[in-house]
Amino acid sequence: MKSLGAAEICALAKKAGFHKSEVISGKKVYEILACQHNAVFKHNLVQTVTSSFGDLSRPFTDCSLLVSALSCHRQEADDLSTADDPHTLVAPFARRNYYREAVKKMQKIARSIREQTGLPKQSLRIFCNSHVPEKLLGALSGLGFYGKNSLLICPGLGSRHVIAILLLPFSIDSEKEYKPPEVPGLQCGDCTACSDACPTRALRAPGKLDTKLCLQSLSTELIILPERFKTKWAYRLYGCESCQSVCPYNSGLSETTAVDSGAIGPSVSIATLLQLSLPEWKSYFKHTPMGLSWIHPYVLMRNTLLAAGNRKNKALLPYLLPYTRHENMVLRDAALWAKNMIGD
Ligand code: SF4
Ligand code: SF4
């Protein structure tokens, strides 16, 4: 079998359209994790990494990982609302299906590696937006570092990227010096822009995100939001950008990715969404990042209703009133709150 080195594999990733890539062996991942002084933390990390890849035909230490980042930055307006047609907003990473694009690119790389090595198809595995700890592996491989906002920051791409991982069934020795991930925020200096901008104070300490307070996490949970969060929700449909839009590492970005798959754009008409039936809703979001099986359409409906309330536009009342009688209590609650916010 012809063997491939890290440089050759990274070159394939670049050719496929990834903006940044690193290759790290499974053995190295464990060695770096073993440097962690906190035994419980170390155990948890090793467990997370090991179990997240599922059953492997060979030990993880005999495998390698290609860790690649794809930019999801694009210069575009964030809100296409008009006075008569207020919109609900989509965070940049979810405006197009960058995850699917990243998987397509990884499939291309996997094909090329198979052609060169003769490896069987099932021996290479792709992970993207999965249970694999992508940020951790990005930090371990040297692709980027943790910011105080708990996100992986890749120089030149900021935090505006998606990560994809290709598990390779062979070990690659690299000359590169790997270091344990730095303490989150070490490269942020005195900056506190992300925690200052967070509307719910979810960033408790550098790198410490309280997911119970984070609007990004809550945007996929079918629960009645606490009253104090409903106004802070603002116009969001999916995702929260507040801690990223202020980050200096995200300013002046130039790398972009041409993706049309699953394009939904920066904002969607609230009136249009509230008129959709459940099957129409599902087909509207099909193939977009919001069409994933673990995001219940009711969650997106709740988000739209909260955005409607915060828009305080009377033109939206006829569209949200039917939801005040909805069988689902989360939607009823959001609709009644929105009606109250808009007033009669
Ligand atoms: S995603 Fe939003 S809510 Fe979550 S930490 Fe960032 S700014 Fe705060
Ligand atoms: S906003 Fe500032 S503190 Fe937060 S991640 Fe970016 S550089 Fe770090």
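Residues numbered from 1 in each chain as written. Chains lettered and ligands numbered in written order. Predicted model: local features only at pLDDT ≥ 70, side-chain atom pairs only at ≥ 80, totals over all residues. Heavy atoms only, no water.

Draft legend 1. Helix H14 (residues 329-342), seen in detail. In a regular helix each residue adds 1.5 Å, so 14 residues correspond to 20 Å; H14 covers 20 Å between its end C-alpha atoms and thus fits that length. Considered for burial, the residues of H14 that qualify are Val330, Leu331, Ala334, Ala335, Trp337, Ala338 and Ile342. Looking down the long axis of H14, one finds its buried residues gathered within 165° of arc, a one-sided arrangement. For H14, exposure combined with an orientation more than 90 degrees from the buried face picks out Met329 and Asn340. Structurally, H14 contributes buried residues whose contacts are with helix H8 (227-232), helix H12 (297-311) and helix H13 (317-320). Capping the start of H14, asparagine 328 holds a side-chain oxygen 2.8 Å from the backbone nitrogen of valine 330, two or three residues further along. Just downstream of H14 lies glycine 343, where phi reads positive at about 80°. (Helix = DSSP H or I, 4+ residues; strand = E, 2+ residues; numbered from the N terminus. Expected span 1.5 Å × (residues − 1). Buried < 20%, exposed > 50% of the residue type's maximum accessible area, 1.4 Å probe, protein only. Arc of directions from axis to C-beta. Contact = heavy atoms within 4.5 Å. Polar contact = N/O pair within 3.5 Å; in protein donor to acceptor, adjacent residues only side chain to side chain.)

Draft legend 2. Spatial organisation of the site of ligand 2. The environment of ligand 2 is made up of Gly147, Lys148, Asn149, Ile153, Cys188, Cys191, Ala193, Cys194, Cys247, Pro248 and Tyr249. The residue inventory of the shell around ligand 2, partitioned by class, reads eight nonpolar, two polar and one charged. Per-domain counts for the shell around ligand 2 show at least three residues from each of domain 1 (6-77 + 97-186) and domain 2 (190-342). (Near = heavy atom within 4 Å. Nonpolar A, V, L, I, M, F, W, Y, C, P; charged D, E, K, R; others polar. Domains from an automatic or database assignment.)

Draft legend 3. The nonpolar core, seen in detail. Grouped together as the largest cluster of nonpolar side chains are 72 residues, with contacts concentrated most on Ile9, Ile109, Ile113, Leu166 and Leu237. Looking at which domains feed residues into this core, each of domain 1 (6-77 + 97-186) and domain 2 (190-342) supplies at least three. Aside from chain neighbours lying at most four places away, what touches isoleucine 113 is Leu4, Ile9, Leu12, Gly118, Leu124, Leu166 and Leu168. Grouped together as the second largest cluster of nonpolar side chains are 25 residues, Leu137, Leu140, Leu152 and Ile165 included. (Core = buried A, V, L, I, M, F, W, Y, C linked by side-chain atoms within 4.5 Å.)

Draft legend 4. Summary view of the packing of H12 against H14. The contact between H12 and H14 brings their axes to 7 Å, and the two run at 10°. Classified by the angle their axes make, H12 and H14 are roughly parallel. Across the interface between the two elements, Tyr298, Met301, Arg302, Leu305, Leu306, Ala308, Gly309 and Asn310 from H12 touch Val330, Leu331, Ala334, Ala335, Trp337, Ala338, Met341 and Ile342 from H14. A per-class count over the contact of H12 with H14 returns 13 nonpolar, two polar and one charged. (Axes fitted to C-alpha atoms, helices over the stretch in contact; angles between N-to-C directions. Parallel < 35°, antiparallel > 145°, perpendicular 65-115°, else oblique.)

Draft legend 5. Geometry of the sheet that holds strand S1 (residues 20-25). Across the sheet, which stays open at both edges, the four strands sit in the order S1-S2-S7-S4 with antiparallel pairing between neighbours. At either margin of the open sheet sits one strand with a lone partner, and together these are S1 and strand S4 (125-128). Neighbour-to-neighbour, the strand axes of this sheet turn through a mean angle of 20°, independent of strand direction. Here S1 runs beside strand S2 (residues 64-71); their pairing, made up of six bridges, is antiparallel. (Pairing = 2+ DSSP bridges.)

Draft legend 6. Here's a closer look at the domain arrangement of the chain. According to the domain assignment, the chain contains domain 1 (6-77 + 97-186) and domain 2 (190-342). Counting residues at the interface gives 27 residues for domain 1, matched by 31 residues for domain 2. Per-residue buried area on domain 1 facing domain 2 is highest for Asn97, Lys148 and Arg160; these three make up 26% of the total on that side. Here domain 1 is connected to domain 2 by one salt bridge. Between glutamate 241 and arginine 160 there is a salt bridge, with its nearest N and O atoms 2.2 Å apart. Linking domain 1 with domain 2 are 13 residue pairs in polar contact (both at pLDDT 80 or more), by the criterion used here. Of all the secondary structure elements, the ones that give two or more residues to the side of domain 1 that touches domain 2 are S2 and helix H4 (98-117). For the side of domain 1 that touches domain 2, the element with the highest residue contribution is H4, accounting for five residues. Broken down by class, the residue content of the side of domain 1 that touches domain 2 amounts to nine nonpolar, eleven polar and seven charged. (Buried area = accessible area lost by both parts, 1.4 Å probe. Salt bridge = Lys/Arg side-chain N within 4 Å of Asp/Glu carboxyl O.)

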